[in-house]
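Chains, contacts and geometry: an overview
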Amino acid sequence: MTSLFDPMPLGILHLPNRVVMAPLTRNRAPDAIPTALMAEYYAQRASAGLLITEATAISAQGQGYADVPGLYGVEQLDGWKRVTEAVHARKGRIFVQLWHVGRVSHLDLQPDGQKPVAPSAITARTKTYLIKNGVGSFVPTSEPRALLSEELPGIVHDYRHAARHALSTAGFDGVEVHGANGYLLDQFLKTGANRRADDYGGSIENRARLMLEVMRAVVGEVGGARTGLRISPVTPANDIDDENPQALFEYLMKQLAPMGLAYLHVIEGATGGPRDIADRPFDYRAMRETYRAAGGKGAWMVNNGYDKVLAERALAEGADLVAFGKLFIANPDLVQRLRNDAPLNPPDKATFYGGGAHGYTDYPALRAA
Ligand code: 8OZ
């Protein structure tokens, strides 16, 4: 039976185990530039089968929170280069998560204080995070404006451009497109946020169009073997919902299958919360079977609230990789701890977002035996 500690090929990479570090927003990149402390944090976790970075903005317009990193400026790319070098020096593998927040943003975070952009001018009933005079606070997101259809090729271009520089300039091993958690691509997908009357709204085919254009562009740039996609079919995160997610995601599976992706990364249930949501049922196995039946190869990565027992059960039931979030915040050597059934450090919520080394790089590893 497959164990979490069995190796597996991933695209052109060889993963020494199936324990993946999930993307985790930590708000420690002032001016959107990755720091030396971030390099240390990721390098500490390099024994993961794969590291996926925190969500990283592909453009200034794609920014939605204070002190999250970007991937569109020279200093940002240089900062990430130091991160990838530190991870590779420890023999790790690292993908960067490509992010456009869409409407989950604030006037204060947008270029020239403009409105955030979205499929439709519907405000998300959610909060974002601002830092003013050194003090962080959660504030309601601003009212967005609907993107013109003429603007969409520019957004696809921004993803393509970010993917190219992620590999060629910043030295990442691959990219994960953030298609989850109520951000731009998820907003286009789902009826709760998309009321468009053009080719990008209405039918499932139309709502999926932007995500598929982005995926084809990114795969065209860096290759399917270096590309993953994260989805969250039923999460309510950031005020998102869809009237028929099963049909929507099965359509997506059939379209994604021929792209030769390295992996699909599926958040099961409510992001960071319950895996089962009473009024949002979803059949994940059926979605995977649709993907495989359509010829979809690559790894099936699962995420949300996994521990070792649940993870090994998921592998026995057909998953290939398991992404751990909060456990990786608190345990830099999570792979070794899971392998040895060693005690786990508990994560400290108070230091998840913002701050410095405390609650970031100061969680202890087990002492070498
Ligand atoms: C927590 C806080 C801010 C952003 C996501 C990128 O949910 C995030 C995020 C999580 O995908």
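The preceding data block contains the structure.
This is a predicted model, so every value here is computed, not measured. (Residues numbered from 1 in each chain as written. Predicted model: local features only at pLDDT ≥ 70, side-chain atom pairs only at ≥ 80, totals over all residues. Heavy atoms only, no water.)

1. Looking at the sheet that holds strand β5 (residues 94-99)
Put simply, the test is: Any two strands with at least two DSSP bridges between them are considered paired. Starting at the N terminus, helices and strands are each numbered in turn, a helix being any DSSP run of H or I of at least four residues and a strand any DSSP run of E of at least two. Simply put, an axis is a line fit to the C-alpha atoms, just over the touching stretch for a helix, and the angle between two N-to-C directions goes from 0 to 180 degrees. Contact definition: two residues touch when any of their heavy atoms are within 4.5 Å.
Strand order in the closed barrel made by the eight strands is β3-β4-β5-β10-β11-β12-β13-β14, with parallel pairing throughout. Each strand of the sheet is rotated relative to its neighbour by a mean of 25 degrees, with strand direction disregarded. Bridge count between β5 and strand β10 (residues 174-178): four bridges; the pairing is parallel. Its bridge partner lying in β10, Q97 is registered against E176. The strands that helix α7 (residues 284-293) touches are β11 (227-231), β12 (263-267) and β13 (299-303); relative to β13, the one it contacts most, it runs at about 160 degrees.

2. With respect to the site of the ligand
We count it as follows: We call a residue near a molecule or strand as soon as one heavy atom of that residue lies within 4 Å of the molecule or strand. The definition of a polar contact used here is a pair of N or O atoms within 3.5 Å, where within protein one atom must be able to donate a hydrogen and the other to accept one, and adjacent residues in sequence count solely through side-chain atom pairs. Areas reported as accessible are Shrake-Rupley estimates using a 1.4 Å probe. Residue values count occlusion only from the protein chains shown.
In the vicinity of the ligand, the residues found are T25, A55, Y65, W99, H178, N181, Y183 and Y353. A distance of 2.7 Å is found between an oxygen atom of the ligand and a side-chain nitrogen or oxygen belonging to H178. Between an oxygen atom of the ligand and a side-chain N or O atom of N181, the distance comes to 2.8 Å. Protein burial of the ligand: of its 300 Å² of free accessible surface, 79% is covered by the chains.

3. Observations concerning the pairing of strand β7 (residues 127-132)
For β7 and strand β8 (residues 135-140), the ladder comprises six bridges, and the chain directions are antiparallel. Residue Y129 lies in a different strand from β8, and its bridge partner there is F138. Hairpin connection from β7 to β8: two residues lie between these consecutive antiparallel strands, with N133 at a positive phi of about 50 degrees.

4. Some points on the environment of T191
Convention followed: The buried label goes to any residue with under 20% of its type's maximum accessible area, the exposed label to any with over 50%, and the partly exposed label to all in between, with areas taken from a 1.4 Å probe on protein chains only.
Among the secondary structure elements, T191 is positioned in the loop between α4 (184-189) and α5 (204-222). T191 sits in the buried class, given a relative accessible area of 13%. Note: C-alpha distance between T191 and G202 (11 residues apart in sequence) is 7.9 Å. Not counting residues up to four positions away in its chain, the partners in contact with T191 are R207, D241, D242 and E243.

5. Examining the packing of helix α1 (residues 36-44) against helix α2 (residues 74-89)
Condition: An angle below 35 degrees is read as roughly parallel, one above 145 as roughly antiparallel, one from 65 to 115 as roughly perpendicular, and any other as oblique. Crossings are assigned a handedness: left-handed for a near helix turned anticlockwise from the far helix by less than a right angle, right-handed for a clockwise turn. Following the grouping adopted for this structure description, the nonpolar residues are Ala, Val, Leu, Ile, Met, Phe, Trp, Tyr, Cys and Pro, the charged ones are Asp, Glu, Lys and Arg, and the polar ones are all others, Gly among them.
Here α1 crosses α2 at 30 degrees, and the two axes come no closer than 8 Å. Our classification of the angle between α1 and α2 gives roughly parallel. By crossing handedness, the relation of α1 to α2 is classed as right-handed. Here α1 contributes M38, A39, Y42 and A43 to the contact with α2, which in turn contributes W80, R82, V83, A86 and V87. Among the residues forming the contact of α1 with α2, the class breakdown is eight nonpolar, no polar and one charged.

6. Topic: the nonpolar core
As a reminder of what qualifies: Nine residue types can take part in a nonpolar core, namely buried Ala, Val, Leu, Ile, Met, Phe, Trp, Tyr and Cys, and a core is a set of them joined through side-chain atoms within 4.5 Å.
Judged by nonpolar contacts, the single largest core of 90 residues is most densely connected at L256 and F324. Those residues within four positions of F324 in sequence are excluded, and the remaining contacts are L4, V19, V20, M21, A22, N303, Y306, D307, A311, L334 and L338.

7. Considering the packing of α5 against helix α6 (residues 245-256)
Packed helices, taken two at a time, are described by their axes: the angle between them and the distance between them. Close contact between α5 and α6 brings their axes to 10 Å; oriented N to C, the two are set at 35 degrees. Here α5 and α6 pass one another in a crossing that is right-handed. Judged by residue contacts, I204, E205, R207, A208, M211, L212, M215 and R216 of α5 engage A247, L248, Y251, L252, Q255 and L256 from α6. A per-class count over the contact of α5 with α6 returns 10 nonpolar, one polar and three charged.

8. Considerations on the pattern of salt bridges
Put simply, the rule reads: Salt bridge, as used here, is a side-chain nitrogen of Lys or Arg placed within 4 Å of a carboxyl oxygen of Asp or Glu.
A full pass over the atoms with the stated rule returns 15 salt bridges. For R125, the salt bridge is made with D239, and the minimal N-O distance between the two is 3.0 Å. Residue R125 is found in the loop between β6 (117-118) and β7, and its partner D239 is found in the loop between β11 and α6; the two are separated by 114 residues along the sequence. Of the residues examined, R125 reaches a relative accessible area of 71% and is grouped as exposed. A single network of salt bridges, built from pairs that share partners, joins R160, R164 and E221.

9. Section: the environment of R337
Relative to the helices and strands, R337 is located in helix α10 (residues 334-340). The buried category is assigned to R337, whose relative accessible area is 4%. Residues R337 and G136, 201 residues apart in the sequence, show an inter-C-alpha distance of 33 Å. Beyond its immediate sequence surroundings of up to four residues, R337 is in contact with N331, A342, P343, L344, N345, P364, A365 and L366. A polar atom in the side chain of R337 sits 2.8 Å from the backbone oxygen of P343.

10. Re the side chain of E268
Tracing the chain through its elements places E268 in the loop between β12 and α7. Those residues in contact with E268 that sit more than four places away from it in its chain are P274, R275, Y284, V302, N303, N304 and Y306.

11. A closer look at the packing of aromatic side chains
To keep it simple, the criterion reads: Between 30 and 60 degrees the pair is tilted, below 30 it is stacked and above 60 it is edge-to-face, where a pair is any two Phe, Tyr or Trp rings, Trp via its six-membered ring, whose centres lie within 6.5 Å. Whether a charge lies above a ring is judged from NZ of Lys or CZ of Arg, which has to be within 6 Å of the ring centre and within 35 degrees of the ring normal.
One pass over the full model with this rule turns up 13 aromatic pairs. Note on F352 and Y353: the rings are 6.1 Å apart at their centroids and 85 degrees apart in plane angle, and the pair reads as edge-to-face. Residue classification places F352 among the buried positions, given a relative accessible area of 7%. Here the aromatic cluster, defined as three or more aromatic residues joined through ring pairs, consists of Y41, Y42, W80, F172 and Y360. Over the face of the ring belonging to Y200 we find R209, whose NZ or CZ atom lies 6.0 Å from the ring centre.

12. Concerning unusual backbone geometry
With a phi close to 60 degrees, D67 is a non-glycine residue in the positive phi region. Even without being a glycine, N304 presents a positive backbone phi close to 125 degrees. Mapped onto the secondary structure, N304 falls in the loop between β13 and α8 (308-316). Residue classification places N304 among the buried positions, given a relative accessible area of 4%.

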